[in-house]
Number of protein chains: 2
Amino acid sequence: MVSAGVVVEGLSNGTDHSHVVSISVYVAVLCLCIVVGQLLGQNQWVNESITAIIIGCITGIILLFMSRGTNSHILRFDENLFFIYLLPPIIFNAGFQVKKKQFFRNFGTIMLFGVFGVFISSAIISAGSWWLFPKVGFVGLDAWDYLAIGTIFSSTDTVCTLQVLHQDWIPLLYSLVFGEGVVNDATSVVLFNAIQKLDVFKLNGWAAAHVVGDFLYLFSTSTALGIAAGLLTAYALKALYFGRHSTDREIALMSLMAYLSYLLAELLHLSGILTVFFCGIVMSHYAWHNVSENSKITSRQVETIHLHIFATMSFISETFIFLYVGMDALDAEKWKMSKSSLQSVVGIYFIIIFLILLGRAAFVFPLSALSNYLHKSSERVPITFKHQVVIWWAGIMRGAVSVALAFNQFTYSGVTWNPVHATMIATTMVVVLSSTLIFGLLTTPLISILLPRNVLGPSTGFNSPREDLTLPLLSMDESTTTNILRAKDSLSMLMERPVYTIHSYWRKFDDAYMRPVFGGACRDL
Amino acid sequence: MVSAGVVVEGLSNGTDHSHVVSISVYVAVLCLCIVVGQLLGQNQWVNESITAIIIGCITGIILLFMSRGTNSHILRFDENLFFIYLLPPIIFNAGFQVKKKQFFRNFGTIMLFGVFGVFISSAIISAGSWWLFPKVGFVGLDAWDYLAIGTIFSSTDTVCTLQVLHQDWIPLLYSLVFGEGVVNDATSVVLFNAIQKLDVFKLNGWAAAHVVGDFLYLFSTSTALGIAAGLLTAYALKALYFGRHSTDREIALMSLMAYLSYLLAELLHLSGILTVFFCGIVMSHYAWHNVSENSKITSRQVETIHLHIFATMSFISETFIFLYVGMDALDAEKWKMSKSSLQSVVGIYFIIIFLILLGRAAFVFPLSALSNYLHKSSERVPITFKHQVVIWWAGIMRGAVSVALAFNQFTYSGVTWNPVHATMIATTMVVVLSSTLIFGLLTTPLISILLPRNVLGPSTGFNSPREDLTLPLLSMDESTTTNILRAKDSLSMLMERPVYTIHSYWRKFDDAYMRPVFGGACRDL
């Protein structure tokens, strides 16, 4: 009731009261999303993103009628809200939940898709839109806009596919789809910013090299910052030894440190997404296991349960974003602002969808072939054509990062008065909406046709490489002859299976030097 | 790095960049608080509130030097931030963690202290300041201000004492101190608002009755709203039966529903504090146990661990508030604004401290005597004089609610140009600061003198009433004679021990009608 006082006072100001009303509406609609999502949960075709978008649309329609066609959304889309508050928990949770073993084993392939793939896809979408947009009578964008469109539509949202694929079912495929999803968000964002700084009037080889150099610098420094923040937290948790009953403080410290690393990266003009992703990975590797354990529960159980804290934050943020996209798609002002004819809007829409499909096909199939060729001698089974189709499909859906980048490029603080820009914003919304709805709904039937589960069974399809790979180079309790023989073995192994060998050396190093300092789970092998 | 883009763009706007910087500084200082708090954790004298206030002061001094004496705080105190975002998790967590059995057993005494106590204390502080302030040369406040001062300094912060008292040690004392702390926050806030609406020029018996009527209306409707929201959530969780692996959705739904009840109460001009407190109680009683259990872990363990989600949110909010108080106490502008002489400021300060001590003594001792008299015939041991002193002491510390109310009364959106009001804000800050620091630091020695633990032992001092109190009025499987005899027994029991008897009937009702609908833990008796 004091707050009622505050609110009443706010009423006279006008802004605060409507602020509380819009928060209330959002919270109520979020609750509705969870309940409806749960009711539809038995239906494998519909997932939370789709539910949120549909409910967002319905809410938008209701608000449109209530406000008599003037305003369908309650809160204006605010990039700052998105980038400062909503994105960090989603990415941190992704890093925290990633299966590190699989992720690092397939690191090379993931980077191939996530980094080079985005470069290829952006180039195709940029060039294609530059060539095709004027043909449907849509002109008025400059060179930066076309380059930005390339990156805007190159960031994917793989949530729909990940909800259908199961982690234990085809580990390689899951790991590739998941890993690419995170890496390509970060790549798109970094590339988007590199392009903003580009002088398009001096486009030549040197400028392209500059973009690549910028990209590599941002990628490495951001990763290093994230790892440093994670290690610092792990060390603090281990050194301080928080007693029992203070798990809340430890979780608070972890969340705050991760968030701080994100903010610092932003302030230093690095990529916060990459930083907080690697911070999440390092924290789940070291810091997590330093969190003091309730004496009655095993470490594994604590881990399983506590993940919910981060998963809950991530879940709320994600639902909120899709809800917003659903509401905003009905924003009447935006559609009125856009002066383009219906014909050209439909044209732009189909061009973009076509370019997305093409841009993705242009890298998934060649790069899969390349990856298969590089892993020819290793024990990893190749990526079959059916799996390539699934990877290609998984990346067709466009999500929140596309929306945020489009707002960044085409609006000023969420508002635009330029009709061409308004058309682009509206088109982006429709692309995100329709790709999530149409392609998202088709994901389950597609995957069940491509990968019939009864044929594959729960754990066949891909043979996991020998887990008990012994790496004797560092073992000292053997005779010299044996050691030399083994050294030869492991050297030839390094030639044959570089990824696994490096992985094994990393584990030796981790056990010998890192874990004693930063803590971590007991090896389960 | 997109966000870097946003930030860079923000830089040109000017506000967004400084916004990110201040969030970063706050997050960094929060991390520091947790680490330092942990390092000092072995020291029983210092607790988190004290650590946060001291670190806040130090940060304030550093910022004061960096900005060359112009500005010691980064974010201006924003009541909306406090009432919309920080307070709800703290109160919800308090409701969620409360030991319901103890709380409801001592409900009468808690209400006596929390409601009547605040009325008595407010009256004494208002009258005392109205009489004494002009004597130290401080004039310029109107009648509303004096009445507001009464309620501002009647809301207590019992965190310091609760950290020293242990729940299992002296359950009655803990429960009284904890319960009074929550109820008196709500009472102060409700009373504060009732006074705002009061026409002071027509002060008579009718006006007083009107305040009491308002108070009762707000109290009952707010409580009803909270209970309704809690039951609705419990029912939804039970009806939907979320499967395994979706605990994050259930926790999200609980948090969002609790938050929604708070916002709704505010929009309906009720007391959000009371609503969310009772919502927390109902949720922990029913909804919590409907949260689908991980098959490997017992309900009790899930509960223990999951509490950390709400406890973490609450902990961060609390630390943030104390940090702010520490920083704000050094706000140079506020001190310059206040044109009162040092002598009169010191005078006001000591008057307020004296009135707080007096106002509290004026109700703790008489009301304890009253409570002991009312419970004379029951099995509850009386509140001894030593315990009365502890209860009196526990409520001397002033906290965040006092600060927020003072800002509400004496500033407009956190800023004031009136020197008299600036003096009151500065004095409130110093009272909160010094009472938390000085009285907080003395709490441990005082309690160890009053209640030497080796004498009391871990579970003596208060004999808990018979837990196996059988209430046979509702049992049907006995002969009529026995039933009549037992009915006589339980009627006389109702006369003798009304509280326990009502409690037992409630449990019968709960088991028979409520739990089948809303779910809940299995009775552990």
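Residue positions within a chain follow its written sequence, with the count starting from 1. Numbering of ligands from 1 and lettering of chains from A proceed in the order in which they are written. Confidence filtering applies because this is a predicted model: local features only for residues at pLDDT of at least 70, side-chain atom pairs given and counted only at 80 or more, and all residues used for totals across whole chains, interfaces and linings. Note that the side-chain values use all heavy atoms of the structure and ignore hydrogens as well as water.

As recorded in an unreviewed UniProt entry, chain A goes by Cation/H+ exchanger transmembrane domain-containing protein and comes from Coptis chinensis. UniProt, in its Subcellular location (unreviewed entry) section for chain A, records the words "Membrane". UniProt positions are given in the numbering used here, feature names are shortened, and annotations may be inferred rather than shown by experiment.

Undergrad: Could you give an account of the overall build of chain A, naming the residues involved and the relevant values?
TA: Secondary structure follows DSSP: runs of H or I at least 4 residues long count as helices, runs of E at least 2 residues long count as strands, and numbering of each begins at the N terminus. A tally of regular secondary structure across chain A gives 21 helices and zero strands. Residue burial is assigned from relative accessible area. The probe radius is 1.4 Å, only protein chains are included, and a residue is buried under 20% of its type maximum, exposed over 50%, and partly exposed in between. Every one of the 525 residues in chain A was classed for burial, and the buried ones make up 59%. In this analysis, two residues are considered to be in contact whenever any of their non-hydrogen atoms come within 4.5 Å of each other. Contacts in chain A between residues at least 24 apart in sequence constitute 82% of all its contacts with a sequence separation of at least 6. Carbon and sulfur atoms make up 68% of the accessible area of chain A, which amounts to about 21900 Å² in all. The Shrake-Rupley method, run with a 1.4 Å probe, gives the accessible areas here. Residue values count only the displayed protein chains as cover.

Undergrad: Give a detailed account of the confidence of the model for chain A, specifying residues and quantitative values.
TA: Residue and element names in this part refer to chain A. Per-residue confidence from the predictor is reported as pLDDT, which spans 0 to 100. With 71% of its residues at a pLDDT of 70 or more, chain A shows a mean pLDDT of 75. By mean pLDDT, helix H1 (residues 2–13) is the weakest element of chain A at 34, and helix H6 (residues 107–132) is the strongest at 91. Segment residues 293–301 is flagged for pLDDT under 50; beyond a separation of four residues in sequence, or across chains, it makes 10 contacts in the model. Listed scores for the predicted complex are pTM 0.76 and ipTM 0.74.

Undergrad: So what's going on with the packing of helix H7 (residues 143–152) of chain A against helix H17 (residues 400–410) of chain A? Residues and values would help.
TA: Helix-helix packing: each pair is described by the crossing angle between the helix axes and the interaxial distance. Residues and elements named next belong to chain A. Angular values range over 0 to 180 degrees, each being the angle between N-to-C directions of two axes fitted as lines to C-alpha atoms, with helices fitted over their stretch in contact. Look at H7 against H17: their axes get within 9 Å of each other, and the N-to-C directions meet at 170°. When the interaxial angle is binned, H7 and H17 end up roughly antiparallel. Counted together, Trp-144, Asp-145, Ala-148, Ile-149, Thr-151 and Ile-152 of H7 and Ser-402, Leu-405, Ala-406, Gln-409 and Phe-410 of H17 form the full contact between these two elements. Residue composition of the contact of H7 with H17, grouped by class: seven nonpolar, three polar and one charged. Put simply, angles under 35 degrees are roughly parallel, angles over 145 are roughly antiparallel, angles from 65 to 115 are roughly perpendicular, and the rest are oblique. Three residue categories are used. Nonpolar comprises Ala, Val, Leu, Ile, Met, Phe, Trp, Tyr, Cys and Pro, charged comprises Asp, Glu, Lys and Arg, and polar comprises the others, including Gly.

Undergrad: Tell me about a nonpolar patch on the surface, and please be specific about residues and values.
TA: Together, Ile-54, Ile-58, Ile-62 and Met-66 of chain A give the surface a local cluster of nonpolar side chains, amounting to about 400 Å² of exposed area. Relative to the assigned elements, Ile-62 of chain A resides in helix H3 (residues 48–66). Within this analysis, patches are made of residues with over 30% relative accessible area and no salt bridge. Like charges are joined at 9 Å or less; nonpolar side chains (Val, Leu, Ile, Met, Phe, Trp, Tyr) at 5 Å or less. Salt bridge, as applied in this entry: a Lys or Arg side-chain nitrogen positioned within 4 Å of an Asp or Glu carboxyl oxygen.

Undergrad: Can you tell me about the packing of aromatic side chains, naming the residues and giving the values?
TA: Only the six-membered ring of Trp is used, alongside the rings of Phe and Tyr, when aromatic pairs are assigned; centres must lie within 6.5 Å, and planes under 30 degrees apart are stacked while those over 60 apart are edge-to-face, with the rest tilted. In this structure the tally under the stated criterion is 34 aromatic pairs over all chains. With a centroid separation of 5.7 Å and 80° between ring planes, the pair formed by Phe-133 of chain A and Phe-138 of chain A is classed as edge-to-face. For the pair formed by Phe-133 of chain A and Phe-138 of chain A, the shared burial category is buried. Relative to Phe-219 of chain B, the ring of Phe-215 of chain B has its centre 5.7 Å away and its plane inclined at 40°; by these criteria the two rings are tilted. Taken together, the residues span about one helical turn, with Phe-215 of chain B and Phe-219 of chain B both in helix H10 (residues 205–240) at a distance of four residues. No difference in accessibility class separates Phe-215 of chain B from Phe-219 of chain B, as the two residues are buried. The structure contains a cluster of three or more aromatic residues connected by ring pairs, namely Phe-103, Phe-104, Phe-107, Phe-277 and Phe-278 of chain A.

Undergrad: Give a description of the state of the cysteines that names residues and reports values.
TA: The disulfide definition used here is simple: a pair of cysteine sulfur atoms within 2.5 Å. Across all of its chains, the model carries zero disulfides over all chains by this definition. Of all cysteine sulfurs, the one in Cys-31 of chain A lies closest to Cys-279 of chain B, which takes part in no disulfide; the gap is 10 Å.

Undergrad: I'd like a description of the packing of H6 of chain A against helix H10 (residues 205–240) of chain A, backed by residues and values.
TA: Residue and element names in this part refer to chain A. Across the interface, H6 lies against H10 with an axial gap of 13 Å and an inter-helix angle of 145°. Considering how the two elements wind past one another, H6 and H10 form a crossing that is right-handed. From H6, Met-111, Val-115 and Phe-119 reach across to H10, where they touch Val-212, Phe-215 and Phe-219. By residue class, the composition of the contact of H6 with H10 is six nonpolar, no polar and no charged. Each helix crossing is assigned a hand: it is left-handed if the near helix lies turned anticlockwise from the far helix by less than a right angle, otherwise right-handed if that turn is clockwise.

Undergrad: Talk me through the nonpolar core; I want residue IDs and the actual numbers.
TA: Judged by nonpolar contacts, the single largest core of 272 residues is most densely connected at Phe-133 of chain A together with Phe-133 of chain B. For Phe-133 of chain A, the contacting residues outside a window of four places in its chain are Gly-128, Phe-138, Leu-141, Tyr-146, Ile-149, Ile-348, Ile-351, Ile-352 and Met-424 of chain A. Among buried residues, the Ala, Val, Leu, Ile, Met, Phe, Trp, Tyr and Cys ones that are joined through side-chain atoms within 4.5 Å form a nonpolar core.

Undergrad: Talk me through helix H9 (residues 171–196) of chain B; I want residue IDs and the actual numbers.
TA: To estimate the expected span of a helix, subtract one from its residue number and multiply by 1.5 Å. With 26 residues, H9 of chain B should cover 38 Å at 1.5 Å per step; its first-to-last C-alpha distance of 37 Å lies within 8% of that length. Extensive coverage of H9 of chain B is indicated by the burial of 24 of its 26 residues.

Undergrad: Give a description of the side chain of Thr-427 of chain B that names residues and reports values.
TA: Residues and elements named next belong to chain B. Turning to its location among the elements, Thr-427 is positioned in helix H18 (residues 419–450). The exposure class assigned to Thr-427 is buried, which follows from its relative accessible area of 3%. Ignoring sequence-local partners within four residues, the contact set of Thr-427 consists of Ile-348, Tyr-349 and Ile-352.

Undergrad: Report on the environment of Thr-158 of chain A, specifying residues and quantitative values.
TA: Residue and element names in this part refer to chain A. Locating Thr-158 in the fold gives a position in the loop between H7 and helix H8 (159–164). Relative accessible area serves as the criterion here: at 7%, Thr-158 is assigned to the buried category. Residues Thr-158 and Val-177 lie 19 residues apart in sequence; the distance between their C-alpha atoms is 7.0 Å.

Undergrad: Residue-level account of the environment of Lys-386 of chain B, with values.
TA: Residues and elements named next belong to chain B. Considering the arrangement of structural elements, one finds Lys-386 in helix H16 (residues 385–394). By relative accessible area, which is 43% here, Lys-386 ends up partly exposed. When near neighbours in sequence (up to four residues on either side) are disregarded, Lys-386 contacts Leu-450 and Leu-451.

Undergrad: Which residues make up unusual backbone geometry, and what are the values?
TA: Excluding glycine, residues mostly have negative phi values, and the peptide bonds linking residues are mostly trans. One non-glycine residue with positive phi stands out, namely His-269 of chain A, at about 60°. Looking at the secondary structure, you find His-269 of chain A in the loop between helix H11 (247–267) and helix H12 (272–290).

Undergrad: Tell me about the environment of Gln-102 of chain A, and name the residues and values.
TA: Residue and element names in this part refer to chain A. By the element assignment, Gln-102 lies in helix H5 (residues 100–105). Overall, Gln-102 belongs to the partly exposed group, its relative accessible area being 24%. As for Gln-102 and Leu-176, which are separated by 74 residues in sequence, their C-alpha atoms are 8.9 Å apart. For Gln-102, the contacting residues outside a window of four places in its chain are Pro-171, Leu-172 and Ser-175.

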